[in-house]
Amino acid sequence: MHDVVSDRQKAEGFFHKAAAAAFLAGAVYFAAVLVGSATRLPGEVAGIWIANALALTFLMRQEKAAWALTAPAIFVAGFAAHFASGAGGVTSAGLMAANLLEVLLAASIIRLWYGPDLRFRDDLSAYFRVQAVAALLTPVIGAAAGATILVTIQGGTFAAILASWWSASAMGAIVVLPLVLSATPETVRNALTGRNALELAGFALTTVFVVYGAAWFLAYPFVLLALVLAAAAMRLSPFATAVVSALGLFVVLGAGFSGDTHVPSGGSILDENAFHVSAALSIVLPFAISLLVTQLRGDRARIAESEERFRSAMEHSAIGMALVGLDGSWLRINPATCDLLGYTWQELREKTFQDLTHPDDVDTDLDLVRRCIAGEIDSYRMEKRYFRKDGSIVWALLVVAIMRDQETQAPLYFISQIEDITARKEAEAQLAASESRWNFALEGARQGVWDVNLTTMETYLSPVWKALIGYTDEEFGNDPELWLEHLHPDDVEQVIRKDEGHRAGLVDSFENEFRMRHKDGHWVWILDRGKVMGRDAEGKPLRLIGTHTDISGQKEGEEKIRILSERMSRATRAGKVGLWELDPATGDVWWDEGNHLVHGTDAKTFQPQNLRYLIHPDDRDAFDTYLTTVMAGKPDDSRGYRIVTPEGELRHIRSTREFVRDARGALTGVVGANWDITQEMALTEAYAEEKERLRVTLESIGDAVICTDRAQIVTFMNPIAARLTGWRPAEAIGRPVGDIFRIVDEHSGERLGGPVSECLATLAPVSATEGVQLVSKDGKRIDIRDTVAPVKTADDRVIGTVLVFQDTTRERKLQRQIAHSAAHDDLTKLRNRVSFERELEIACRESARQGRIHSVCFIDLDRFKPVNDEAGHAAGDALLQEIGAILKACVRGHDLTARLGGDEFGLLLLDCPAKQAAAISEKLIQSIVSARFDWEGRTFSVGASIGVRQIPDTGGTPSSVLKDADMACYEAKARGRGRVEVFDDDPPPVVAKAG
C-alpha cells in the first residue's frame, strides 16, 4: 500500500513539474515573440530580450531537481520563437543554446548566494549583486557564445553582435528582476489598495504622459523618465517603483516603434549603446533609491520602537530615573523622580542637578561627573542629598552611567537612578546625634563665635573662630584690635561702616562678607553676622555677639558661575548663536542680532513674525506644527528646519527652546536659541561618503586588514582577515585585538607580544617579516608577514591602528625546504659537510666559553671500494644509505650525524668525553660489521675505522678538530682497520680494538 501511495505522489510531482515547465515555455515563447520580435529587425539580435529574465526568475524559485524538465522546455520555447522570427533551424538551436547557458549560469550563482527565497525588500547590496550577475556577468558569457554562433553560421561582426546581445539581455534583467523579485502577495496587495493604489496610478499616468510627450521633442527622453521615477521611488514601494519603471521603458519603446515621435523606430535605436545605458540608469537608480528609502523607513520604525520601550520602562519604574545632560540639565525625568523631589517635570527642566544638590555633595558629584566625561570611569554611585521644592532635604542613593556615541565614543548624556534612602539616613542621623549632639553643634557646624563687652572691651573668640583662619586657641589672642589686622585692606572701610551703623541703631542686626588673611597667607571669605544684645538708658550698646562662617566655597562657586556666565556669553557671540523669546499671550517674537545673522535677515527691516516666509516649502507644515506645540507650551524635542535667505541661500537651522512658567505652572513665555548647522550637515554627508568609500576599499584589497581603536578593540575586519583568523567580523568587532590576532614564534610556539600594543607604545609603524605565525580561531598556524601603523587625527592625536598582514605559508615552506636541502646530503639525508662544520664551530665555542665537553668521530668505511667495483655505483649508493641509517640508530637523538664525502662520515657527540665517545664508536663498528648488504643475489659486508677527537677546552677551530679526528682515523686504518683510535696530544694514542 505504501508503495502505491509513493508511486502516486511521484506521478503527481512529475505532473506538477511538467505543468510548470510547460507554463514557463509558453511565457518564454510569447516574451520572445512579442517583445523580442518587436525590437529586432529580421536577421538581427533583439533590442530588448526579457525571455531570459523570465526564465531566470522561474529557475531561481524552482528546485534544482526540476531543472531537468524546465531547461529543455525553455530551449524548445526559445527555439520555436527564433524559428518563427525567420531564423534557420541551426541558427535557432545555436542561439537558444547560448541563451540557456546564460540563464542556467545566472540561476546557479544567485541561488548559491541567496538560496531560492530571494526577495528585493530593502537590501540594496542584494539588488546590485544580483544585477551584477544577471545584467553584467552572465549576459556577457551568453553574448560571447551567441555571437560566435551567429558569426560562424551567417557571418557578421563579432563585436557588434556581442554588444547588441549583451545590452538586450541586460535590459531584460534590469526590467524584469526588480518587478518579479519584489512582488509578493503582500506587496502587490499593498500597492493596489487604498491610497497606495491612487499614488501608483498617479505616477503611472504621469510617466506615460511625460515620457510620451518628451518623445515628441527628444530622441532620448530618459532624463525626464529618470526624474519621474526618482520622484516615484521616494513615495512608492520597491514593487510599485518597478511597475512604473517597466511601464516607462515600454512607453519609450512604443513611442519609438510608432514612428510618430523623435525616438528612432525599428531596431536602429536599440543597436545604440547610448540608448541602453540611458535606459538602464533611468531604471536602476530609482529602484535602488526605493530600496534605500524602504530601509531607512524600517530603521526609523525600529528606533522609535526602542525609544518607546525605554520611555515605558522609565515611566513605570518604582525608583527615580532620569536622563541628565553633560551640563547637569534634566533632559528626561520619570514620575518617580518628580515625586521624590516634589517638582513637576517642567519645573525640573528649568533646573540642573547642581541646583538641587546639597552644597556639601556638589563637589564630590561634579568630580565623579568629570571623571566619567574624561573616560576614567564609566559609572559611579554615591549617597547624596537633594533639596525638595518645599525646602526639605531628601537623601538618595544615586547610580549614574554615562552614555557615549558608539562610533566616536564622545560623551552624550547620563542615565541616573535615584532611590530614596531618607528614612535610613534619618535613622543613622538620630543614632549619631544621640552620641555627639553637642560636639556636632559646636564644631561640626564650623560656626566661630565672638563676644565683645563694649564697656570693658573684653573680647572672646571661640576656638572654631580662630581655626577658620588657621590658628589654635593658644596662637591667637583675644585682643579686639588683633582681628582687624587680619582684614583685607579693601574690606576694612565697609566693615567699620556697617559695624558703626548697627551700633548707632540704624539696623537691628548686621550681616557682612569680607576677607581675612589665613595663617598660611591665603585669604578666607567670612560671613559675619552679629547683633547688639543690650543697650543702656541712653541707647548706648553694651554687648555685641556674633558668628563667623567660612563662605570661601560659596564664593568660589559664585566666581565659577560668573566665569561660566561670561564664557557662555562669549561663546554665544563667537558661535553666532541667535536667541529669541516668544510671548504666548500676544504672539510677539523678539530676536537678538545673532538670530538675524543666522537667518540672513536685516534687523532693521525684517519682522520675526514673518519667519514662515523664509521656511523651505517642504518644511513649512512641520514648522507650523512645531510652532503650534510651542505656543501651547507642550513638550517637544528640538527641531531643525531649512530656510531660503533673502539672498537665495539655502541654510539648515537648528532650533531649541525652554518654557518659562509662573509659580502656578502657567506658561508665561518661551525662550530659545537658533544656530546655523549648514556646514555641519555638509560635513556629515561628506564624512559618511568618505567612510563608505574607505570601507569598500578595505574590503576589496587582497591583504588582510584589521582596524582597532586606542583601547586595542577591533573596529573593522575585511574578508581576507576574517578568512585567515577564522573569526567572522560580527564576532571580532568589539573584542580585544589580542583575542583575534594571536601570533607565536614559529620555532618555539611561544606567544609573541602584540604588534598593536608596540605600535601604540612607540606611536610608530611596527613590522614583522620572519618567524611569525598566526594562530587562527580553530588552532591552525599560518605563516604571516604583518605591519601595524598608528591612525592619527589632523592634530597628530592617535585614535587607533591599522594592522595589515599577508599569508606567507607557501613562501616560508619553500624557504624551509631550500634551507633543509642546503644543510643535508641528498643521498643519505644526513647533514652535509658544510652544515657539520657550522655546528662543530658552535660546539668549539661552547667548549671554550662554557666548559662543555664534546667529541668528534671521523668514520671511514672499510672494504667499500669492492662494492662499487663489483656491484656498481647504484649498489654503493644503497649501501651508503644503509650505513647512514645505522649511524643514526646508534647515537643519541641530540647528536649530529653527517656524511663528509665519499665513504667518510662524521659524528658530533654533545656533552660526551672521549672515553665515552670511544665506547659508542666500538658499538658502531660492531653494528656496521654485523650488517649484511644483499644486492642482486650477492652479499657484501663492510667495516669501519673511527678516529675520535675530544674538542679541547681551548675550543680550537672546526678544521683543526676535524683534522685531528681524521689523523686518528688514519692511525686506526694503519693498525689493521676495524678499530677506534682516540686522538691524544701526548702520544702514544689510546688504541681500542673492536670485537
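Computed from a predicted model, the values in this text were never measured in an experiment. (Residues numbered from 1 in each chain as written. Predicted model: local features only at pLDDT ≥ 70, side-chain atom pairs only at ≥ 80, totals over all residues. Heavy atoms only, no water.)

Caption draft 1: Spotlight on the overall build of the protein. When helices and strands are counted, the protein shows 32 helices and 30 strands. For the protein, with 995 residues in total, the buried portion stands at 41%. In the protein, 55% of the contacts between residues at least 6 apart in sequence involve partners at least 24 apart. (Helix = DSSP H or I, 4+ residues; strand = E, 2+ residues; numbered from the N terminus. Buried < 20%, exposed > 50% of the residue type's maximum accessible area, 1.4 Å probe, protein only. Contact = heavy atoms within 4.5 Å.)

Caption draft 2: Representation of a nonpolar patch on the surface within the structure. Nonpolar side chains collect at one region of the surface, where L101, L136, L137 and I141 lie side by side and expose about 330 Å² of accessible area between them. Looking at which element gives the most residues to the nonpolar patch, the answer is helix α5 (residues 124-154), with three residues. Tracing the sequence through the fold places L101 in helix α4 (residues 89-114). On the accessibility criterion, L101 (42% relative accessible area) is partly exposed. (Patch = residues over 30% accessible without salt bridge, like charges linked within 9 Å, V, L, I, M, F, W, Y side chains within 5 Å. Areas by Shrake-Rupley, 256 points an atom, 1.4 Å probe, with all protein chains shown as cover. Salt bridge = Lys/Arg side-chain N within 4 Å of Asp/Glu carboxyl O.)

Caption draft 3: Inspection of the sheet that holds strand β12 (residues 589-591) at higher detail. If you trace the five strands from one edge of the open sheet to the other, you get β12-β11-β15-β14-β13, paired in antiparallel fashion. Across the chains shown, the open sheet's two edge strands, defined by having one partner strand only, are β12 and β13 (639-644). The sheet shows a mean angle of 25° between the axes of neighbouring strands, taken without regard to direction. Bridge count between strand β14 (residues 650-661) and strand β15 (residues 667-676): nine bridges; the pairing is antiparallel. By the bridge assignment, R657 is partnered in β15 with G672. (Pairing = 2+ DSSP bridges. Axes fitted to C-alpha atoms, helices over the stretch in contact; angles between N-to-C directions.)

Caption draft 4: Spatial organisation of unusual backbone geometry. Backbone geometry at M457 places phi at a positive 60°, although glycine is not the residue there. If you trace the backbone, M457 turns up in the loop between β6 (447-453) and β7 (459-461). A positive phi is found at Q712, a non-glycine position, where the angle reads about 65°. Under the relative-accessibility criterion, Q712 is labelled partly exposed at 24%.

Caption draft 5: Spotlight on the environment of S237. Inspection of the secondary structure assignment puts S237 in the loop between α9 (222-235) and α10 (238-258). A residue is classified by how much of its surface remains accessible, and S237, at 29% relative accessible area, is partly exposed. Separated by 57 residues in sequence, S237 and T294 have C-alpha atoms that sit 7.2 Å apart.

Caption draft 6: Expanded view of the pairing of strand β25 (residues 904-909). In terms of burial, β25 is a largely internal element, five of the six residues being buried. Two strands pair when backbone bridges link them, and strand β23 (residues 855-862) and β25 are joined in this way by six bridges, in the antiparallel orientation. Each residue of the ladder has a partner; that of C857, found in β25, is L907. Pairing geometry for strand β24 (residues 896-901) and β25, over five bridges, is antiparallel. Residue pairing in the sheet places R899 in a bridge with F905 of β25. With antiparallel pairing between neighbouring strands as the criterion, β24 and β25 make up a hairpin whose turn holds two residues, including G902 at a positive phi of roughly 55°.

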